[in-house]
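# Topology and contacts: notes
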Amino acid sequence: MTPIYQTSTYAQAGPGEHQGHEYSRVSNPTRSALEGNLAALENAAHGIAFSSGVAGIDAILKGLRPGDHVVSMDDLYGGTYRLFTQVFEPFGIDFSFVDMTDVEAAARACTDDTKLMWVETPTNPLMRIADIAALSDVAHAHGADVVVDNTFASPYLQQPLDLGADLVLHSATKYLGGHSDLILGAVCTNDDDWAETLRFQVKSGGASPGPMDCFLTLRGTKTLHLRMERHCANAQHLADFLAEHPRVGRVRYPGRPDHPGHETAARQMTDFGGMISFELVEDDLDAAVAVLKGTEVFTLAESLGGVESLIEHPATMTHASVPPEQRRAIGLTDSLLRISVGVEEVDDLREDLARALATLD
Ligand SMILES: *Cc1c(COP(=O)(O)O)cnc(C)c1O
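Keep in mind that this is a model prediction, so the values were computed, not measured. (Residues numbered from 1 in each chain as written. Predicted model: local features only at pLDDT ≥ 70, side-chain atom pairs only at ≥ 80, totals over all residues. Heavy atoms only, no water.)

### So, the overall build of the protein
Rules: Only DSSP runs of H or I covering at least 4 residues are called helices, and only runs of E covering at least 2 are called strands; the numbering of each starts at the N terminus. Both definitions apply: the radius of gyration is a C-alpha atom measure, and the globule rule equals 2.2 Å times residues to the power 0.38. Residue burial is assigned from relative accessible area. The probe radius is 1.4 Å, only protein chains are included, and a residue is buried under 20% of its type maximum, exposed over 50%, and partly exposed in between. Only heavy atoms matter for contacts: two residues are in contact if any of them lie within 4.5 Å across the pair. To be clear on the numbers: accessible area is Shrake-Rupley with a 1.4 Å probe, and residue cover counts the displayed protein chains and nothing else. In this tally, Asp and Glu contribute negative charge and Lys and Arg positive charge; neither His nor the terminal groups of the chain are included. Each charge is placed at NZ for Lys, CZ for Arg, CG for Asp and CD for Glu.
Check the secondary structure of the protein and you find 13 helices and 12 strands. Over its C-alpha trace the protein gives a radius of gyration of 21 Å, about what one expects of a compact globule, namely 21 Å for 361 residues. Taken over 361 residues, the protein has a buried fraction of 56%. Here the contacts in the protein between residues at least 6 apart in sequence split such that 72% fall between residues at least 24 apart. For the protein, the exposed area adds up to about 14400 Å²; of that, 50% sits on carbon and sulfur atoms. Charge separation in the protein, taken as the distance between the mean sites of 26 positive and 52 negative side-chain charges, equals 4 Å.

Shown next, in the form of structure tokens:
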């Protein structure tokens, strides 16, 4: 097993005569092993690990300059939206938020200053599907690079670089780590210039992950395929159950044929993932809270992608930083609930949801 190199510095035989590592902000053997592993999983030449997913996003954005423009999905991880609008907009980066399920809309949003297209698919929390290959063509025609936040799919289900993207971002905190016991981010790319920029950002900005978290992520990746297969099978079963339930309104799961992105998902993913969002028939905050408080196997918590099932309320939790008007505009309703389906026995999960929904009777 890769050792945990719990060290900040490395003995040198003479000035500059080191064994490849000088100081752990810049590089560390445990981290290097993880970076090679993640690059291999994404069919990438380079993997760069960060202290969190948002630190990876931050490093990519620092590769831009004031006046540069980013076309971004309008339905984004809340922390990404906050970083874009509250940190980088004040520094003079411009953002357009568009519904990227509409490739034409994404094309219309591109300007001469567009340097990046920021794609999330499946999106968080609305589970929309964006066509990575079609969007990459549009971005490249405008001279822009494409970033895909691949956190929800994991490299086991979707490999964006093979579909034309230039950079892949991961919150390894989620499926890659897989056990809700670490915070870590990564960017993978085949672009040598981007890799150099990102390594420079880690060295200069210091968003380096510690060796213990790198070790745990490495260990997580060894069971990624087993976990993902169970996450997907459990989620498909629960999505079908929820869709038939009289208290449940719209179910958003790309594995269901009634999902508008089902065909695109079937083309670019090998399975449909472990995340489901659903609304209640009665779009009411109190009803949503009653369901959240009624589950026992599903734990009420933020985050996703761990072996244990979680339930949360995007409007007041993960996406509270998205302004109410913006939430309504994209269809993030008050009763929307998001579940991260774990790897437990599926009958226990289904009965737990049935029990929680029965509290509304
Ligand atoms: C969690 C998450 C992030 C941020 O990652 P951290 O590791 O929490 O910093 C980014 N994108 C998506 C889709 C996420 O779910």
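Having seen the structure, we can now continue with the description.
### Let's talk about the pairing of strand β2 (residues 69-73)
For clarity, the cut-off: Following DSSP output, two strands are said to pair if at least two bridges run between them.
For β2, a buried count of five out of five residues is recorded, marking the element as mostly surrounded by other parts of the structure. Taken together, the five bridges between β2 and strand β3 (residues 94-98) define a ladder with parallel strand orientation. If you follow H69 over to β3, its bridge partner there is D94. Bridging between β2 and strand β4 (residues 114-120) involves four bridges; their strand directions are parallel. Residue pairing in the sheet places V70 in a bridge with L116 of β4.

### Observations regarding the site of the ligand
The line we're drawing: Whether a residue is near a molecule or strand depends on its heavy atoms: it is near if one of them lies within 4 Å of it. Here a polar contact is taken to be a pair of N or O atoms separated by no more than 3.5 Å, where protein atoms must pair a possible hydrogen donor with a possible acceptor and residues adjacent in sequence count only if both atoms sit in side chains.
Neighbouring residues of the ligand: 14 residues in total, closest V54, D149, S171, T173 and K174. Within the backbone of V54, an N or O atom sits 2.9 Å from an oxygen atom of the ligand. In the model, an oxygen atom of the ligand is placed 2.7 Å from a nitrogen or oxygen of the T173 side chain. Contact with the protein chains hides 94% of the accessible area of the ligand, taken as 380 Å² for the molecule alone.

### Focus: the state of the cysteines
Which entries qualify depends on this criterion: Our working definition of a disulfide is a cysteine sulfur pair at a distance within 2.5 Å.
Scanning all chains against the criterion turns up zero disulfides. No disulfide involves C188; its sulfur sits 13 Å from that of C214, the nearest cysteine. With a relative accessible area of 1%, C188 lands in the buried category.

### Quick notes on the sheet that holds strand β9 (residues 275-280)
If you trace the five strands from one edge of the open sheet to the other, you get β8-β9-β12-β11-β10, paired in mixed fashion. Of all strands in the sheet, those with a lone pairing partner are β8 (248-252) and β10 (299-300), marking the two edges. Where β9 lies against strand β12 (residues 337-340), four bridges are found, and the strand directions are antiparallel. From the neighbouring strand, I276 faces β12, where its bridge partner is I339.

### As for the layout of surface pockets
Which entries qualify depends on this criterion: In this analysis, the protein atoms alone were mapped onto a 1 Å grid. Cavities are point sets where a 1.4 Å probe fits without being able to get out; pockets are open sets with protein on both sides within 12 Å along at least five of seven lines; lining residues have an atom within 4 Å of a point. Grid points are joined across faces, edges and corners, and a volume is the space filled by probe spheres set on the points. Three classes are used: nonpolar for Ala, Val, Leu, Ile, Met, Phe, Trp, Tyr, Cys and Pro, charged for Asp, Glu, Lys and Arg, and polar for all others, with Gly counted as polar. Annotation comment: domain bounds sourced from an automatic or database domain assignment.
Of the pockets and cavities examined, the largest pocket occupies roughly 410 Å³. Contributing to the lining of the largest pocket are 25 residues, with V54, Y77, G79, S171 and K174 lying nearest its centre. Elements with a contribution of two residues or more to the lining of the largest pocket: α2 (53-61), α3 (78-88) and β6 (167-171). For the lining of the largest pocket, the per-class residue count stands at eight nonpolar, 11 polar and six charged. Taken together, domain 1 (29-221) and domain 2 (224-358) each give at least three residues to the lining of the largest pocket, which thus spans both.

### Points about the domain arrangement of the protein
By convention, interface size is frequently given as the accessible area that disappears when the constituent parts associate. Filter applied, for reference: Values labelled buried area give the accessible surface lost by two parts on being combined, using a 1.4 Å probe and summing over both.
In terms of domain boundaries, the protein breaks down into domain 1 (29-221) and domain 2 (224-358). Placing the centre of domain 1 and that of domain 2 at their C-alpha centroids yields a distance of 23 Å. With 36 residues of domain 1 in contact, the opposing surface of domain 2 contributes 41 residues. Roughly 3200 Å² of surface becomes buried between domain 1 and domain 2 when both sides are summed, with 60% attributable to carbon and sulfur atoms. Of all residues in domain 1, Y156, L157 and Y175 bury the most surface against domain 2, accounting for 24% of the area lost on that side.

### As for the sheet that holds strand β5 (residues 145-149)
In plain terms, the rule: Every axis in this analysis is a line fitted to C-alpha atoms, fitted for helices over the stretch in contact. Angles between the N-to-C directions lie between 0 and 180 degrees.
Taken in spatial order, the seven strands line up as β1-β7-β6-β5-β4-β2-β3 in an open sheet, and their pairing is mixed. Each edge of the sheet is formed by a strand with only one pairing partner; in this case those strands are β1 (46-50) and β3. Between one strand axis and the next, the sheet turns by 20 degrees as a mean value, whatever way the strands run. One ladder, built from three bridges, connects β5 with β6; its direction is parallel. Its bridge partner lying in β6, V148 is registered against V168.

### Looking at α3
The buried fraction of α3 amounts to eight of the 11 residues, a majority that puts the element mostly inside the structure. Within α3, burial applies to G78, G79, T80, Y81, L83, F84, T85 and F88.

### Concerning the pairing of strand β7 (residues 185-189)
Of all five residues in β7, five are buried; the element is thus mostly enclosed. Sheet topology places β1 next to β7; five bridges connect them, and they run antiparallel. In the strand pairing of β7, I48 is matched with V187. As paired elements, β6 and β7 share five bridges and run antiparallel to each other. Residue pairing for β7: L167 is matched across the bridge by T189.

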